Every structure is written in structure tokens, then in C-alpha cells.
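The primary structure of each chain is shown beneath.
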Amino acid sequence: MTEHMQQFVRLAQQPPEKRAAVERREDFGEIYRDFDPKDAAAQASRCSQCGIPFCQVHCPLGNNIPDWLKLSAEGRLEEAYEISAATNTFPEICGRICPQDRLCEGNCVIEKGFESVTIGAVERYITDTAFENGWVRPIRPRRERAQSVGIIGAGPAGLAAAEALRRKGYQVHVHDRHDRVGGLLIYGIPGFKLEKEIVARRRAWLEDGGIHFHLNEDIGGALSFAELRARYDAVLVATGVYKAREIDVPGSRLDGVVPALDYLIASNRKGLGDAVPDYDSGALNAAGKRVVVIGGGDTAMDCVRTAIRQDAAAVTCLYRRDRANMPGSAREVANAIDEGVEFTWLSAPEAFVGAGRVSAVKAVRMHLGLADASGRQTVEPIAGSEFTIEADLVIKALGFDPEDLPGAFNEPGLTLTRWGTLKVDSKSFMTALPGVFAAGDIVRGASLVVWAIKDGRDAADAMHAYLETAAARPDGALATAAE
Ligand code: FAD
Ligand code: SF4
Ligand code: SF4
């Protein structure tokens, strides 16, 4: 260990500067400024180089955090980049949007008396610097293979798998029903967390590496799953989860009560310069409106903060548990509060009221009861505690379930778990169909980008093993599916 590490005892935690709330409310730019190189090195030097680095243990990708922190502290950024990129396909994206307070930083041991190392910000800084300096080299497989792979879904799981398979020389084709690459990175997550250029930069890099994108192609619609399967030697399903959970209360079909993802996609498309009639008409635009968002996860936080930037008259988040039990990142909740969002915790909607169009939300106060079998406290309404919030736009952000994929793909052989996610063998990532693999939210349920990347990389390894075995067989026939 070198003497210039362990600076946490004398140097306070200092993340990159956060733009003032009044300024960031005015646009969709990222809220953190870039690290100054000197500050990045100094913050990296706060790491105590733990023998058992709990940060790494709690990073889903097992990133070698202590090593790239040490190299960053020494100014050896190109080497830091090589180590960071060895385990993470998109470190600059994770550095921006991982809920670090629950993962690496939340488990940094110096957190016990000092504030954690700013791991995410340094990770982002390393790869942004690598791009600026031309260290992010194009994907150039050592040898080309004739075998081809079809990937359904250009979200982080599909893209991470595409990169890993292309690196091994496979002919990789990614199909997506959207017109842009990135999945929720482009149309779900707003620019104030992840600017769109960051995703577009990776698309260009993947294309330059020889990955083919087939956009505006809905598998099960424009192209059948059977046709797609016949085209490729192996297929990866990485379609994410998109069926919005409903609120079963009176008035949930009134005009002005909208699903979160419709709202976010409209806002993201507008920012990307697309024509968005539902935004222009006001149907999916919060400007001048009193907005109520129902939910307490990442999607709800993105909606409230988008509404603030669209110049809503007032923005309230209604969540049935308390702040400590919110599923979203604590950091994003704090950012939302700074930006002017009102939180009404321990409250749930009972009805949306209005004549044709919503004008108010009737809600009731909740209290936290005993823990259920899952260990989570139950919530119960408090009798006589009803209240009303006036609203012109209500956004439902209660989470997502998987769509009926066997139905959409007309393929009953794709078996499901009891949660409706695709069933795969935990080691081979293969579904019940030979040569068909799956990864990301469609397997795990709504989760995180870092987990999608991890699953995409692991599925790619399993597909490679499968394809090599198939290639070695005299008849080239494919192995049978795992149970
Ligand atoms: P997706 O990103 O959903 O990509 C799936 C792709 O498949 C999409 O492009 C879709 O168009 C395509 N597709 C689906 N069906 C078909 C079909 N039939 N034919 C062709 N293409 C198809 N995670 C974080 O870590 N940090 C965050 O801050 C964060 N914020 C979030 C905010 C919002 C609003 C939402 C909704 C999620 C957020 N998440 C966040 C979760 C994260 O975005 C997901 O876990 C992650 O994107 C899942 O990756 P994926 O590749 O499995 O699926
Ligand atoms: Fe932390 Fe996410 Fe980076 Fe892992 S990938 S080190 S969890 S920010
Ligand atoms: Fe460094 Fe914190 Fe990781 Fe320890 S837990 S190696 S101090 S970043």
C-alpha cells in the first residue's frame, strides 16, 4: 500500500459539484458537474485499500474498486480505465445511475466513522476521461466466427451481451421495437440522471465494432419470433418488463391519469427533438399543472423531477410507506426535495375524482403495521383520516410486471416463473427452448441497470460455451435445453 492512500482521515468526502437546485430545475442536463482532475485524484486517495473490500463485494459486477481508486489517486488513469472496463461494459453509465448508497458506497467501510469514498463519481470520471483521450478502443475480434446471434432488446442487458459476444467474433444482430438504442437508458431514465449523448456514444462504439442494429422491429409483430429464431444460431431475449402495475381505485381511467412510462417517454422524446403530439397537446406535459405522482421508486422520482422541470404549478409525491422505507435511491429522494417536490408519506389514493378529467385525488393516511413473511412492514389505512389533494395530472408509478411473452411471441414453449418472468437455467441462462437464452429484467423482474449488465455478460459467456459445443459437433446440431 502506498502512503498517499487512506486520506479519509484528513480529507472530507467531496463529490463533484452539484448544480444549484434553482438552476437545474430549468433544464434536463445532468445535475453533477465533471470532476476536476485534482479533486478526482484526491477523492480516490481517501480509500483505505481494505483487505476485504466490502465495496467490491456489494457491487453486482464485482468491480475491482480498490485497484482503480489507487491508480486514479496516482494519476495512472489509462490503467485505471483498463481495470474498470474489464468487469463493466458501461462504467460511465453505472457511475452516473447506480444507487451507490445501497451498493458499493453504502458498504464502504470508512462509512462507519467517515463518509464513504465517492466510488461512483470516480468510476464515471475514469471512463469519461478515457473517451476524451481515445483510450476506449474499438471492439476488434481476434477472429471472425461464422455463427450468428440474434438479440431481442437493445437495453443494457442486450447491449452488454452483444459487446461480449462480438468481442469473441460472433456475428451479432440486435433487434428492438424502438427507433433508438438503449432501452430504458434512452426512453425511461431522464437526462438529468443520464444525458442521452452518453448512450448515443456507446451505440456508435458498438456499431463501429461490427454489431448490427435492426430498429423499429417488434419481435412478435413485424418479425415473428419463429423467423428470428430460424435466422440465428442462438437467440437472447432481453426485452425488459413493461406492463405497468395498475391502481385499482375509482376514477383510474379518467383523462389526466396517465402511466409513468408514457409520461417519461414523451418527455425524453421531446428532449431528443422528436415530434410528440401528446406532449404538445398537454396530455403528457406537466406545464402549469398541479401534479400528483403515486409511488416511491426510481420511476416515481424521475416523474416528479421531470414535472418540476416542465414547470408544473405544484408537484406532490404520494407514497404509502415512510421515507425510510422508500424503494428508490435515498440520494434521488433528497435531490427531489431540493428541487421543490412535496412528499406526502404514509398516504395512499382511494379515488381519482373529476367529471371526465381528473381534478383531485382522494387519499387516506396509512400506518405501518407488523412485518409480514417477507420481513416488510404491512401498511394499513387509518380510519377517518381521508384527505383530498387537487390535481390536474396524476402519474401512476407503481412499478412494472412482465408482459405475456409466450403470447406475444406465439411460443408456448417459453416457460415462465410464477412472477411471469422467463424461466432460465440459473447457470446456462437457457430458457426451456434449445438455443434461446434470456437476461435482464425479463428474467429478474424490474431491477437495476448494473444487474442487467451483469446478466448480459454472464449470458454471453453461457451462449459462447453453447455455441462452441454446437460448432464442435459433426452435425453442428444444437444441444438440448436445460430444464
Ligand atoms: P430494458 O432497458 O427495458 O430494455 C429492453 C429493450 O427491449 C427495450 O429497448 C425494448 O424496446 C425492447 N423490447 C421489448 N420487447 C420487444 C419486442 N417484442 N421486440 C423488440 N424489442 C423489444 N436502474 C438503475 O440502475 N438506476 C436508475 O436510476 C434507474 N432508473 C430507472 C428509471 C425508470 C423510469 C425505470 C423504468 C427504470 C429505472 N431503472 C434504473 C431500472 C433499469 O432501467 C432497468 O433495470 C434496466 O434498464 C433493465 O435492462 P434490460 O436490458 O433488461 O431492459
Ligand atoms: Fe458502484 Fe455500480 Fe460502479 Fe458497482 S457498477 S462500483 S455498484 S457504481
Ligand atoms: Fe476503499 Fe471503501 Fe472499498 Fe475499503 S470499502 S476498499 S475504503 S472504497
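First things first, this report covers the structure right here in the doc. Every value quoted in this text rests on a predicted model; they were computed, and no experiment measured them.

1. Describing the layout of surface pockets
A volume near 520 Å³ is recorded for the second largest pocket. Lining the second largest pocket are 27 residues, with P15, Y32, Q100, E105 and R331 sitting closest to its centre. Contributing elements (two or more residues each) for the lining of the second largest pocket: α6 (91–97), α7 (119–132) and α15 (330–339). It is α15 that provides the largest number of residues to the lining of the second largest pocket, a total of four residues. Residues that form the lining of the second largest pocket fall into these classes: seven nonpolar, eight polar and twelve charged.

2. With respect to the packing of helix α12 (residues 260–271) against helix α14 (residues 298–309)
Contact pair α12 / α14: the axes reach a minimum separation of 10 Å and the direction vectors enclose 45 degrees. Considered as vectors, α12 and α14 are oriented oblique to each other. For the element pair α12 and α14, the recorded crossing hand is left-handed. Every residue of α14 that contacts α12 at A260, Y263, L264 and S267 is listed here: T299, D302, C303, T306 and A307. When grouped by side-chain class, the residues that make up the contact of α12 with α14 number five nonpolar, three polar and one charged.

3. So, the packing of helix α4 (residues 65–73) against α7
Two elements in contact, α4 and α7, have axes separated by 11 Å at closest approach and are oriented at 65 degrees. Classified by chirality, the crossing of α7 by α4 is left-handed. For the pair α4 and α7, the contacting residues are I65, W68, L69 and S72 in the first and I119, V122, E123 and I126 in the second. The residue inventory of the contact of α4 with α7, partitioned by class, reads six nonpolar, one polar and one charged.

4. Concerning the nonpolar core
As a rule of thumb, soluble globular proteins bury nonpolar side chains together. Ranked by internal contacts, the top residues of the largest apolar core, which has 100 residues, are I151, F225, L236 and V237. When residues of this core are assigned to their parent elements, the largest contribution, ten residues, is made by helix α18 (residues 449–472). Setting aside residues no more than four positions away along its own chain, I151 makes contact with G158, A161, A162, L165, V172, H173, V174, H175 and L236. Core analysis: the second largest hydrophobic core is formed by 29 residues, V291, V315, V333 and I395 among them.

5. Structural notes on the sheet that holds strand β9 (residues 342–344)
The parallel open sheet is built from five strands, whose spatial order is β6-β14-β7-β8-β9. Edge strands, defined here as strands with exactly one partner in the open sheet, are β6 (257–259) and β9. For this sheet, the mean angle separating the axes of adjacent strands, direction not counted, is 25 degrees. Judged from the four bridges that link them, strand β7 (residues 290–294) and strand β14 (residues 393–396) form a sheet pairing that is parallel. Bridging across to β14, V293 finds its partner in I395. Packing of α14 onto the sheet brings it into contact with β7, β8 (314–318), β9 and β14, and relative to β8 it is tilted by some 170 degrees.

6. A short note on the site of ligand 3
Taken together, C47, S48, C50, P53, C55, P66, L69, C108, V109, I110, V117 and I119 make up all the residues around ligand 3. Tallied by class, the residues present in the shell around ligand 3 amount to eleven nonpolar, one polar and no charged.

Criteria and thresholds
- Residues numbered from 1 in each chain as written.
- Chains lettered and ligands numbered in written order.
- Predicted model: local features only at pLDDT ≥ 70, side-chain atom pairs only at ≥ 80, totals over all residues.
- Heavy atoms only, no water.
- 1 Å grid on protein atoms, 1.4 Å probe; cavity = no way out; pocket = protein on both sides within 12 Å on 5 of 7 lines; lining within 4 Å.
- Points joined across faces, edges and corners; volume = space filled by probe spheres on them.
- Helix = DSSP H or I, 4+ residues; strand = E, 2+ residues; numbered from the N terminus.
- Nonpolar A, V, L, I, M, F, W, Y, C, P; charged D, E, K, R; others polar.
- Axes fitted to C-alpha atoms, helices over the stretch in contact; angles between N-to-C directions.
- Parallel < 35°, antiparallel > 145°, perpendicular 65-115°, else oblique.
- Left-handed = near helix turned anticlockwise from the far one by under 90°.
- Contact = heavy atoms within 4.5 Å.
- Core = buried A, V, L, I, M, F, W, Y, C linked by side-chain atoms within 4.5 Å.
- Buried < 20%, exposed > 50% of the residue type's maximum accessible area, 1.4 Å probe, protein only.
- Pairing = 2+ DSSP bridges.
- Near = heavy atom within 4 Å.

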